[in-house]
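Given next are the chains, with one letter for each unit.
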Amino acid sequence: GTDVMAIEVQGLSRRFGRHLALDDVSLKVPVGGVFGLVGLNGAGKTTLIKHLIGSLRPHVGNVRIFGTSPIEDPVTVLGRIGYLTEEDSLPRWLTVRQLFEFGRSVYPTWDDEYAASLCERFQLRPNEPLGTLSKGVRARAGLLAAIAHHPDLLILDEPSSGLDPIARRDILEAIISGISDQGRTVLFSSHLLDEVARVCETVGVMSNGQLLPPETLDTIQSQYSEWIIQSNVR
Ligand code: ATP
């Protein structure tokens, strides 16, 4: 239907041993726009995101991406998602050119022309193995790989850690706005509140495995020194 959500999570809980990493999380993110997920390290952001991309199977609760379960139909869901994590997970011996080949072979919607333009914009050299690049340049290669198939949902999990402040503003935030302008959806997870305040229209706060609505920000404000910036987002 027309009211299908980009992300729909219902009653998702996850336990690691005695630790409750996700505590009955429910979330609806409509199609289009930038949704911010904020919270301290260990709050549960990454665990939630791993359920969205199907790398963790829900024990309790339900996940739908554009109405489809990432467990039941991973090919459909992964084809529509672009995913970038703070972890530097691209093989060090892969070249940028090989990254293109890989993208082309995996994603029917991979756009070579767009990828080439990003390559130029990010100042990536095609024949250089990613391992010889600086952390910042590798982070740009990762971003390229996450967006060159025009994902309907771009999921960025703490993507800023590898990027210097200028790259964050000029590259990351510009890309996010561009994708959102095309009517696509971005989930942006970060603990950099100024950044979230600039790029996100809506925000959810993770705290001890629970997802709190933005109205409750005031009550946990004391956990954060820069928290006041958050009031811009509401
Ligand atoms: P970060 O910004 O550090 O990624 P986060 O909010 O994304 O923080 P998670 O990575 O989701 O937090 O972790 C939430 C909690 O669950 C943490 O206390 C973490 O130690 C724990 N945890 C996550 N994955 C596992 C696992 N596979 N086994 C045991 N504990 C885990």
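Residues numbered from 1 in each chain as written. Predicted model: local features only at pLDDT ≥ 70, side-chain atom pairs only at ≥ 80, totals over all residues. Heavy atoms only, no water.

**With respect to the sheet that holds strand β1 (residues 7-16)**
- The sheet built from three strands is open, its strands ordered β2-β1-β4 with antiparallel pairing. Of all strands in the sheet, those with a lone pairing partner are β2 (19-29) and β4 (60-65), marking the two edges. Strand-to-strand, the axes of this sheet are offset by a mean angle of 20°, without reference to chain direction.
- Where β1 meets β2, seven bridges bridge the pair, whose relative direction is antiparallel. By the bridge assignment, Glu8 is partnered in β2 with Lys28.
- Contacting β1, β2 and β4, helix α1 (residues 45-52) runs over the sheet at an angle of about 120° to β1. (Pairing = 2+ DSSP bridges. Helix = DSSP H or I, 4+ residues; strand = E, 2+ residues; numbered from the N terminus. Axes fitted to C-alpha atoms, helices over the stretch in contact; angles between N-to-C directions. Contact = heavy atoms within 4.5 Å.)

**Some remarks on the pairing of β1**
- In this antiparallel pair of consecutive strands, β1 and β2, the connection spans two residues, and Gly17 shows a positive phi of 60°.
- By the bridge criterion, five bridges tie β1 to β4 in an arrangement that is antiparallel. Bridge assignment links Gln10 to a residue of β4, and that residue is Asn62.

**Re the nonpolar core**
- Among the nonpolar cores identified, the biggest contains 42 residues, and Leu143, Leu144, Leu156 and Phe188 are the most heavily contacted of them.
- With seven residues, the top contributor of residues to this core is helix α5 (residues 135-147).
- Those residues within four positions of Leu144 in sequence are excluded, and the remaining contacts are Phe100, Trp110, Ala115, Leu118, Cys119, Phe122 and Leu124.
- Counting 25 residues, the second-largest nonpolar core is a separate cluster that includes Val9, Ile81, Leu153 and Met206. (Core = buried A, V, L, I, M, F, W, Y, C linked by side-chain atoms within 4.5 Å. Buried < 20%, exposed > 50% of the residue type's maximum accessible area, 1.4 Å probe, protein only.)

**So, the site of the ligand**
- In the region of the ligand, the neighbouring residues are Phe16, His19, Ala21, Leu40, Asn41, Gly42, Ala43, Gly44, Lys45, Thr46, Thr47 and Glu158.
- Interatomic distance of 3.3 Å between a side-chain N/O atom of His19 and an oxygen atom of the ligand.
- Between the ligand and Thr47 there is a distance of 2.6 Å, counted from an oxygen atom to a side-chain nitrogen or oxygen.
- Coverage of the ligand by the protein chains reaches 61% of its 630 Å² of free accessible surface.
- If you list the elements that add at least two residues to the shell around the ligand, you get β2 and α1.
- Top contributing element to the shell around the ligand by residue count: α1, with three residues.
- Along the lines of polarity and charge, the residues of the shell around the ligand split into four nonpolar, six polar and two charged. (Near = heavy atom within 4 Å. Polar contact = N/O pair within 3.5 Å; in protein donor to acceptor, adjacent residues only side chain to side chain. Areas by Shrake-Rupley, 256 points an atom, 1.4 Å probe, with all protein chains shown as cover. Nonpolar A, V, L, I, M, F, W, Y, C, P; charged D, E, K, R; others polar.)

**Describing the pairing of strand β7 (residues 185-190)**
- By the criterion of burial, β7 is predominantly enclosed, with six of the six residues buried.
- Burial along β7 is two-sided: the residues Thr185, Leu187 and Ser189 and Val186, Phe188 and Ser190 are all buried.
- With six bridges connecting them, strand β3 (residues 33-38) and β7 associate as parallel partners. Across the sheet, Gly33 pairs through a bridge with Thr185, a residue of β7.
- In this structure, strand β6 (residues 153-157) lies alongside β7, joined through five bridges in parallel fashion. Residue Ile155 lies in a different strand from β7, and its bridge partner there is Leu187.
- At this point the chain moves from β6, through helix α6 (residues 165-181), to the parallel β7, and the crossover so formed is right-handed. (Right-handed = clockwise from strand over helix to strand, strands pointing away.)

**Describing the packing of aromatic side chains**
- Applying the stated criterion across every chain yields a total of one aromatic pair.
- Looking at Arg80, its charged tip hangs above the ring of Phe66, at a distance of 3.9 Å from the centre. (Phe/Tyr/Trp six-rings, centres within 6.5 Å; stacked < 30°, edge-to-face > 60°. Lys NZ or Arg CZ within 6 Å of the ring centre and 35° of its normal.)

**Focus on the packing of helix α3 (residues 96-106) against helix α4 (residues 112-121)**
- Two elements in contact, α3 and α4, have axes separated by 11 Å at closest approach and are oriented at 155°. The angle between α3 and α4 places the two elements in the roughly antiparallel class. Relative to α4, α3 is oriented so that their crossing is right-handed. In contact with Val96, Phe100 and Arg104 of α3, α4 contributes Asp112, Ala115, Ala116 and Cys119.
- Within the contact of α3 with α4, the residues separate by chemical class into five nonpolar, no polar and two charged. (Parallel < 35°, antiparallel > 145°, perpendicular 65-115°, else oblique. Left-handed = near helix turned anticlockwise from the far one by under 90°.)

**Focus: the layout of surface pockets**
- For the largest pocket, the calculated volume is near 780 Å³.
- Around the largest pocket sit 34 residues that line it, and Tyr83, Ser89, Leu90, Ala145 and Ala146 are the ones nearest its centre.
- Taken together, the elements giving at least two residues each to the lining of the largest pocket come down to α2 (74-80), β5 (81-85), α3 and α5.
- Looking at the lining of the largest pocket residue by residue, the classes come out as 20 nonpolar, nine polar and five charged. (1 Å grid on protein atoms, 1.4 Å probe; cavity = no way out; pocket = protein on both sides within 12 Å on 5 of 7 lines; lining within 4 Å. Points joined across faces, edges and corners; volume = space filled by probe spheres on them.)

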